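Single-letter residue listing:
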Amino acid sequence: MAPAEESDVIVRLVDLRKTYMAGSLPVPVLKGLNFTVRRGSFVGIVGTSGSGKSTLLNILGMLDVPTSGQYLLENIAVETLSDTELAIIRNRKIGFIFQSFNLFPHLTIEQNIEVPMLYGRVPARIRRARALELAQKVRLGHRLGHRPTQLSGGECQRVAIARALSNNPAFLLADEPTGNLDEKTGIEIMDLFHKLNQEQGVTIIMVTHNPALESHYDQVIRLRDGLIMEKFSAEGLHQ
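So, here is what we can say about the structure in this document. (Residues numbered from 1 in each chain as written. Predicted model: local features only at pLDDT ≥ 70, side-chain atom pairs only at ≥ 80, totals over all residues. Heavy atoms only, no water.)

**Details of empty space enclosed by the protein**
- In this structure the tally under the stated criterion is two cavities of 30 Å³ or more.
- For the largest cavity, the calculated volume is near 50 Å³.
- What lines the largest cavity is Arg139, Gly154, Arg158, Thr185, Glu188, Ile189 and Leu192.
- Of all elements in the fold, only helix H5 (153-165) and helix H6 (183-200) reach the threshold of two or more residues within the lining of the largest cavity.
- Examining the composition of the lining of the largest cavity, we find that four residues originate from one element, H6, more than from any other.
- For the lining of the largest cavity, the residue count by class is two nonpolar, two polar and three charged. (1 Å grid on protein atoms, 1.4 Å probe; cavity = no way out; pocket = protein on both sides within 12 Å on 5 of 7 lines; lining within 4 Å. Points joined across faces, edges and corners; volume = space filled by probe spheres on them. Helix = DSSP H or I, 4+ residues; strand = E, 2+ residues; numbered from the N terminus. Nonpolar A, V, L, I, M, F, W, Y, C, P; charged D, E, K, R; others polar.)

Below is the structure:
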């Protein structure tokens, strides 16, 4: 894989480290990670339990901060931001997709899709139009008035994907998005990710324990014990 141009890089990690304290004992979890994510790519971060992928997910999602090193999001040095700035950037630049969907059960599908826009103070008329557009994009335009309890697991995940896209984020950050779905529905969700990525250029970073999904990604980053053991592109060219 050729070196990414600066303007083409959405995420850059430089010697990223995270250490927790167990009493007075330091416990290193991430031990110096270096990688970039290009605009329009579909990246899989793969690792078993204890590999550090959940900690990395939280840092990429600006829910935690590194102990040292750099996380650059579209050339913004994340570690320099205040809590208020982190919240604003998180809402505008990252679309979150969770294994358990994290939809609000008392809200309609339309209202769930609108939530990030509501936090971003987007006017109601624009929110409603955008929610309809995104619901149609994930084939749920006919279910806008329904609530999550009236939907299947696959439909709930499609709502979550629509919600994640609502603010036109720099990238989607997906945490085991097929983990609670049966195999057939999981394939449908992966197909939807591919469609968004290939037809609309949506950048996706997916964190998973499942190595069987590796063939889906443009770039695979394998984590083990807080280290990157292997990075390679879909063509199998090792970096």
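**Focus: the packing of aromatic side chains**
- The full count for this structure, using the stated rule, is three aromatic pairs.
- With 6.2 Å between their ring centres and 50 degrees between their planes, phenylalanine 42 and phenylalanine 193 make a pair best called tilted. With phenylalanine 42 in strand E3 (residues 42-46) and phenylalanine 193 in helix H6, this residue pair connects regions lying 151 residues apart in the sequence. The same class applies to phenylalanine 42 as to phenylalanine 193, namely buried.
- Arranged with centres 6.0 Å apart and planes meeting at 5 degrees, the rings of phenylalanine 96 and phenylalanine 98 form a pair that is stacked.
- Classification of phenylalanine 96 by relative accessible area gives buried; the value is 17%.
- Look at phenylalanine 98 and you get partly exposed, because its relative accessible area is 25%.
- Members of the aromatic cluster, joined through ring pairs, are Phe42, Phe193 and Tyr217. (Phe/Tyr/Trp six-rings, centres within 6.5 Å; stacked < 30°, edge-to-face > 60°. Buried < 20%, exposed > 50% of the residue type's maximum accessible area, 1.4 Å probe, protein only.)

**Side note on the pattern of salt bridges**
- Counted under the stated rule, the structure contains ten salt bridges.
- The residue aspartate 15 makes a salt bridge to arginine 17 at a minimum N-O spacing of 3.1 Å.
- Given a relative accessible area of 34%, aspartate 15 falls into the partly exposed group.
- Accessibility expressed as a relative area gives 34% for arginine 17, which makes it partly exposed.
- Between arginine 130 and glutamate 133 there is a salt bridge, with its nearest N and O atoms 3.1 Å apart. Residue arginine 130 and its partner glutamate 133 are both found in helix H4 (residues 124-137); the two are separated by three residues, about one turn of the helix.
- Residue classification places glutamate 133 among the partly exposed residues on the basis of a relative accessible area of 39%. (Salt bridge = Lys/Arg side-chain N within 4 Å of Asp/Glu carboxyl O.)

**Here's the deal with unusual backbone geometry**
- Look at methionine 62: it is not a glycine, yet its phi comes out positive at around 60 degrees.
- Here methionine 62 is to be found in the loop between helix H1 (53-60) and strand E4 (68-73).
- Exposure remark for methionine 62: the relative accessible area of 3% places this residue in the buried category.
- For aspartate 225, which is not glycine, the phi torsion reads 50 degrees and is therefore positive.

**Observations regarding the sheet that holds strand E6 (residues 94-97)**
- Spatial ordering of the open sheet is given by E6-E7-E8-E3-E9-E10, a layout of six strands whose pairing is mixed. The strands lining the two open edges of the sheet, one partner per strand, are E6 and strand E10 (227-233). Across the sheet, the mean angle separating the axes of adjacent strands is 15 degrees when strand polarity is ignored.
- Pairing between strand E7 (residues 171-175) and strand E8 (residues 204-208): four bridges, direction parallel. Bridge assignment links leucine 173 to a residue of E8, and that residue is isoleucine 205. (Pairing = 2+ DSSP bridges. Axes fitted to C-alpha atoms, helices over the stretch in contact; angles between N-to-C directions.)

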